[in-house]
Amino acid sequence: MKFAKTSPLKGEITIPGDKSISHRSVMFGSIAKGTTEISHFLQGADCLSTIDCFRKMGIQIENNQNTVIVHGKGLRGLKRPETILDCGNSGTTTRLISGLLAAQDFNVTVTGDESIQKRPMKRIMEPLSFMGADIKSILDNGCAPLSITGKRLRGIHYTSPVASAQIKSSILLAGLYAEGETRVTEPYVSRNHSEIMLKHFGANVKTEGTTACIAPAAELYGNQIIVPGDISSAAYFIAAGLIVPGSEILIKQVGINPTRDGIIRVCQEMGADITLLDGNMDSGEPTADILVKSGSLHGVPIGGAIIPTLIDELPIIAAMACFAEGETIIRDAAELKVKESNRIDVMVKNLSAMGADVRETDDGMIIRGGRPLHGAVIDSKLDHRIAMTFAVTGLCAEGETEILGAECVNISYPGFYQDLEMLMK
Ligand code: S3P
């Protein structure tokens, strides 16, 4: 797929549903009693992997594109799958499902694609083992495939070394089945969609500062879920609207949960013209329309507690920083190295290939903005967020930018290129 300089982007866009919330709606709906009707469900490959795993465990799930109906069987209703569970490219599916499987009364193997088989799973294996789980890395390398045999679990208070909603959620899901209370404390608050939705389904979940706490549940109850637009997908249009000269884009019904809205705060600090309109609340999650207009930006420092609230947006923020005056320093973001690709390495290599002044650090990047970029051949490493980042960057570079493996956007945003093109007309 090839990109070149574009005329201003103008118009209105509705973003597909939030990936994290879509995953959770199927998982929690499956272990709840009764029906869960999910609107604006994300039909990305990652969320389809989650549907596939729960179907394999005997849950009837109707997928009518925009609406998904899950016929939940209750906390003890999952059946032993006849095959291994394939989570595809999805870290959320792999880690959250492992927490659930740790407490079932069967043995199962959980795995995924080449990227998943390289991602760290010790981070969930360790705390789940403390709870009494039997979970092993089959190749003994701390990665999937994982063999999980359900056990009786006990509640723990786990202090996580990293702020990760996947770790937190995996433990909380195991905690639903454990004896006694389960608590997870993180260095900073990570996204809290599990806490919000589990409460919505009747679980006893409390949060206090950076600690989330869950009591064992007798049952959860299916409920209606309206999935907000994914701010991580909206991020590409926020950035495009800000850096393509003369642009003005209205992005409709985006989830702006404070544990996810770091990109908006960073853009404001960079001096962006970005306005939130028409606020709403869907299934306990705040949403708003976001209006962005292009203008000049300046570099900012980004680090500390804001990092988990924009972790998936750091690639596009790094690209945006190339068009800002002065220096942007990204710190405390070593987690980027263990995402779908090593996003620090891949960003630094690809931005450098386009002529940017960018340097890798131990836990982030330093970008000196203001240099004009030129087109290049970009290896996406089949990482959806890298492909989308460079599609947008290519719109502001001299000459042609070619993205290899461009189709990987289907993981989180099927239709991304069509939506981008629509705004160019
Ligand atoms: C996610 C949490 C984040 C994020 C991922 C989705 C989730 O990972 O990067 O894309 O749905 O819980 P970590 O919590 O491991 O940082």
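Here the structure is a predicted model, which is why all the values come from computation and not from measurement.

What counts as what
- Residues numbered from 1 in each chain as written.
- Predicted model: local features only at pLDDT ≥ 70, side-chain atom pairs only at ≥ 80, totals over all residues.
- Heavy atoms only, no water.
- Salt bridge = Lys/Arg side-chain N within 4 Å of Asp/Glu carboxyl O.
- Helix = DSSP H or I, 4+ residues; strand = E, 2+ residues; numbered from the N terminus.
- Buried < 20%, exposed > 50% of the residue type's maximum accessible area, 1.4 Å probe, protein only.
- Polar contact = N/O pair within 3.5 Å; in protein donor to acceptor, adjacent residues only side chain to side chain.
- Contact = heavy atoms within 4.5 Å.
- Pairing = 2+ DSSP bridges.
- UniProt positions renumbered as here; feature names shortened; annotations may be inferred.
- Expected span 1.5 Å × (residues − 1).

### What about the pattern of salt bridges?
- Inspection of the entire model under this criterion finds 24 salt bridges.
- Among the salt bridges present, the one from Arg-152 reaches Glu-179, with a minimum N-O distance of 3.6 Å. Of this pair, Arg-152 sits in the loop between β9 (146–149) and β10 (157–159) while Glu-179 sits in the loop between α5 (165–175) and β11 (182–185), placing them 27 residues apart in sequence.
- Arg-152 gets classed as exposed once you look at its relative accessible area, which sits at 73%.
- Of the residues examined, Glu-179 reaches a relative accessible area of 56% and is grouped as exposed.
- Among the ionic pairs, Asp-230 bridges to Arg-260, the shortest N-O distance being 3.0 Å. Residue Asp-230 is found in the loop between β15 (225–226) and α7 (231–243), and its partner Arg-260 is found in the loop between β16 (248–255) and α8 (262–269); the two are separated by 30 residues along the sequence. Accessibility assignment for this pair places Asp-230 and Arg-260 in one class, buried.
- Linked through salt bridges whose partners overlap, the residues forming this network are Arg-119, Arg-191, Asp-312, Glu-340, Arg-343 and Asp-383.

### Details of the side chain of Gln-43
- By the secondary structure assignment, Gln-43 is in the loop between β3 (32–39) and α2 (45–56).
- Take Gln-43: its relative accessible area is 19%, and that puts it in the buried class.
- For Gln-43, the side chain forms a polar contact with the side chain of Asn-63, separated by 2.7 Å.
- Among the polar contacts listed, one links the side chain of Gln-43 to the backbone oxygen of Gln-65, at a separation of 2.4 Å.
- Gln-43 has contacts with Leu-48, Asn-63, Gln-65, Val-68 and Pro-414, leaving out every residue within four places of it along the chain.

### Concerning unusual backbone geometry
- Between Ala-144 and the following residue, Pro-145, the backbone shows a cis peptide bond with an omega angle of 5 degrees.
- Along the chain, Pro-145 falls in the loop between β8 (134–137) and β9.
- Phi is positive for Asp-140, which is not a glycine, with a value near 55 degrees.
- Along the chain, Asp-140 falls in the loop between β8 and β9.
- Classification of Asp-140 by relative accessible area gives exposed; the value is 71%.

### Describing the sheet that holds strand β1 (residues 2–3)
- Reading across the sheet, the three strands line up as β1-β24-β23 and stay open at both edges, with mixed pairing between neighbours. The open sheet is flanked by β1 and β23 (377–379), the only strands paired with a single partner.
- Pairing analysis gives three bridges linking β23 to strand β24 (residues 401–404), with the strands arranged parallel. Paired with Val-377 across the two strands is Glu-402, which belongs to β24.

### Topic: the UniProt feature "active site" (unreviewed entry) in the protein
- In the numbering used here, UniProt assigns the feature "active site" (unreviewed entry) to Asp-312.
- Note that Asp-312 resides in the loop between β19 (301–302) and α9 (314–321).
- The class of Asp-312 is buried, set by a relative accessible area of 11%.
- Apart from the residues lying within four places of it in its own chain, the contact partners of Asp-312 are Arg-191, Ser-232, Tyr-236, Lys-339, Arg-343 and Arg-385.
- In this structure the side chain of Asp-312 is engaged in a polar contact, spanning 3.4 Å, whose partner is the side chain of Arg-191.

### A word on α2
- Under the 1.5 Å per step criterion, the end-to-end length of α2 is 16 Å for 12 residues, consistent within 8% with the ideal 16 Å.
- Listing the buried residues of α2 in full gives Asp-46, Cys-47, Ser-49, Thr-50, Ile-51, Cys-53 and Phe-54.
- Directly after α2, the chain includes Gly-58, whose backbone phi takes a positive value near 90 degrees.

### So, the UniProt feature "binding site: phosphoenolpyruvate" (unreviewed entry) in the protein
- Taken from the UniProt record, the annotation "binding site: phosphoenolpyruvate" (unreviewed entry) applies to Lys-19, Gly-91, Arg-119, Gln-166, Arg-343 and Arg-385.
- The topology assignment puts Gly-91 in helix α3 (residues 91–101).
- Overall, Gly-91 belongs to the buried group, its relative accessible area being 5%.
- Among residues more than four places away in sequence, those in contact with Gly-91 are Ile-116, Arg-119 and Gln-166.
- Here Arg-385 lies in helix α11 (residues 384–394).
- Leaving out residues up to four positions away in the same chain, Arg-385 has contacts with Lys-19, Ser-232, Tyr-236, Asp-312, Arg-343 and Ser-412.

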